[in-house]
Amino acid sequence: MAPLPISSIRVGKIEDVQELIKSKPNKVPERFIRDANERGGLVSLKTHLHQPIPVIDLSKLSKPHTNDDFVFEILKLSQACEDWGFFQVINHGLEVDVVDDIEKVAKEFFEMPLEEKQKYPMEPGTVQGYGQAFIFSEDQKLDWCNMFALGVHPPSILNPKLWPSKPARFSESLKGYSKEISKLCKRLLTYIAISLGLKKETFEEMFGEAVQAVRMNYYPPCSSPDLVLGLSPHSDGSALTVLQQSKDSCVGLQILKDNTWVPVLPLPNALVINIGDTVEVLTNGKYKSVEHRAVTNRERERLTIVTFYAPNYEVEIEPMGELVDDETNPCKYRSYNHGDYSYHYISNKLQGKKSLDFAKILN
Ligand code: OGA
Ligand code: NI
């Protein structure tokens, strides 16, 4: 997938948030200050009354399919995907070492001097490297976040020049971690298929050689967290997203449910999973790709390691026949090439669920 022509994009000066708070800890430059309606506007006082997002115990899904625990957990999964588009998984089988290690190297990466990180710059219009993605103009507001993103698989999307030589163990750790996350995604997709009454290999067969990318988001503390956003509201273009929050992470991720921003409370040893746009289309809207954002904290930094798992760019996507019924549930999305969707996604700023208009059939 070719990046956009760099010459056509003027993004102005993008200040590095970590450097900014080192020199002026109490200053929030204008370019980070959101309009009032973008900040707290939608946060309802009801927030704390909401039930927390569902928790799925993957050890129960390893049991025989006739076991009551399995059946109950599959139902829970199906409800989670329909009602929330988000859930946390516990007993997911990832080794503690693998999870700890990626967190450690990611932290070490962000703690390096700016000159070192800038050896791997994210060029305007591209989404890999160190910097801020999805910025397309000089007046666009910036997120209170430093990002480092890399394509991991297949080899055609991996850009070796952007894989850092320091910390020394970074590449090895990320490769090991990504292998485990790929296994987890494959496993989750089999359960999702079962929960839809489909044969368990459905997604693996459809996706071909899956595309996997990782984004590490580092949210420094902000003296005025109410004025800024850590990450603009968006839905993910992936099929599934796996989000790891650093240990002792404060609350930062919020999802939009019934017009209210609901915080996702970090659970120890859990991973947050969300349904991406691709699964929403494939299930004709039954499983939702839910809008989410990140907010910042006055005192504490936060680090997340986010993996996007998606079909191969060659794959044609359209709602699956089993989930369309001309009379009761007509087809809501047109058919499209996933590579074209990915290109559309990365060439527009993050704006809620707007990307998916690309595929919507409007009545
Ligand atoms: C993302 C994302 C949320 C977070 O990277 O797509 O939604 O809390 N991140 O970092
Ligand atoms: Ni996201």
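Everything below is about the structure printed above this text.
This write-up is about the structure you can find in this document. Remember, it's a predicted structure, so these values are computed and weren't measured experimentally.

### Side note on the packing of aromatic side chains
Now for step 1: Following the criterion strictly, the structure yields 15 aromatic pairs and no others.
Now for step 2: Plain terms: the ring middles of F109 and F170 are 5.8 Å apart, the flat faces sit at 55° to each other, and that makes the pair tilted. Taken together, the positions of F109 in helix α3 (residues 96-111) and F170 in helix α5 (residues 170-195) put the pair 61 residues apart, joining distant regions of the chain.
Now for step 3: Judged by relative accessible area, F170 falls into the buried class, the value being 0%.
Now for step 4: A connected cluster of aromatic rings, assembled from ring pairs, spans F109, F110, Y120, Y130, F148, F170 and Y218.
Now for step 5: One residue, K257, lies across the ring of W84, its end atom 4.7 Å from the ring centre.
Now for step 6: In this arrangement the basic side chain of R334 is found over the ring face of F358, its NZ or CZ atom lying 4.5 Å from the centre.

### A few points about the site of ligand 1
Now for step 1: In the vicinity of ligand 1 lie 14 residues, with R215, Y219, H292, R302 and T304 positioned nearest.
Now for step 2: A distance of 2.9 Å separates an oxygen atom of ligand 1 from a polar atom in the side chain of R215.
Now for step 3: Separating an oxygen atom of ligand 1 from a side-chain N or O atom of H234 is a distance of 3.0 Å.
Now for step 4: Contact with the protein chains covers 99% of the free accessible surface of ligand 1, which is 300 Å².

### Quick word on α5
Now for step 1: Between its terminal C-alpha atoms α5 stretches 36 Å, which fits the 38 Å expected from 26 residues at 1.5 Å a residue.
Now for step 2: Looking at the residues trailing α5, positive phi occurs at G197, about 80°.

### Here we look at the sheet that holds strand β11 (residues 292-294)
Now for step 1: Across the sheet, which stays open at both edges, the four strands sit in the order β6-β11-β8-β9 with antiparallel pairing between neighbours. Where the open sheet ends on each side, the last strands, each with one partner, are β6 (231-234) and β9 (260-263). Averaged over all pairs of adjacent strands, the angle between strand axes in this sheet comes to 25°, irrespective of strand direction.
Now for step 2: Examined bridge by bridge, strand β8 (residues 253-257) and β9 share four bridges and lie antiparallel to one another. Residue pairing in the sheet places I255 in a bridge with V262 of β9.

Parameters at a glance
- Residues numbered from 1 in each chain as written.
- Chains lettered and ligands numbered in written order.
- Predicted model: local features only at pLDDT ≥ 70, side-chain atom pairs only at ≥ 80, totals over all residues.
- Heavy atoms only, no water.
- Phe/Tyr/Trp six-rings, centres within 6.5 Å; stacked < 30°, edge-to-face > 60°.
- Helix = DSSP H or I, 4+ residues; strand = E, 2+ residues; numbered from the N terminus.
- Buried < 20%, exposed > 50% of the residue type's maximum accessible area, 1.4 Å probe, protein only.
- Lys NZ or Arg CZ within 6 Å of the ring centre and 35° of its normal.
- Near = heavy atom within 4 Å.
- Polar contact = N/O pair within 3.5 Å; in protein donor to acceptor, adjacent residues only side chain to side chain.
- Areas by Shrake-Rupley, 256 points an atom, 1.4 Å probe, with all protein chains shown as cover.
- Expected span 1.5 Å × (residues − 1).
- Pairing = 2+ DSSP bridges.
- Axes fitted to C-alpha atoms, helices over the stretch in contact; angles between N-to-C directions.

Just distances and angles here, no functional claims.
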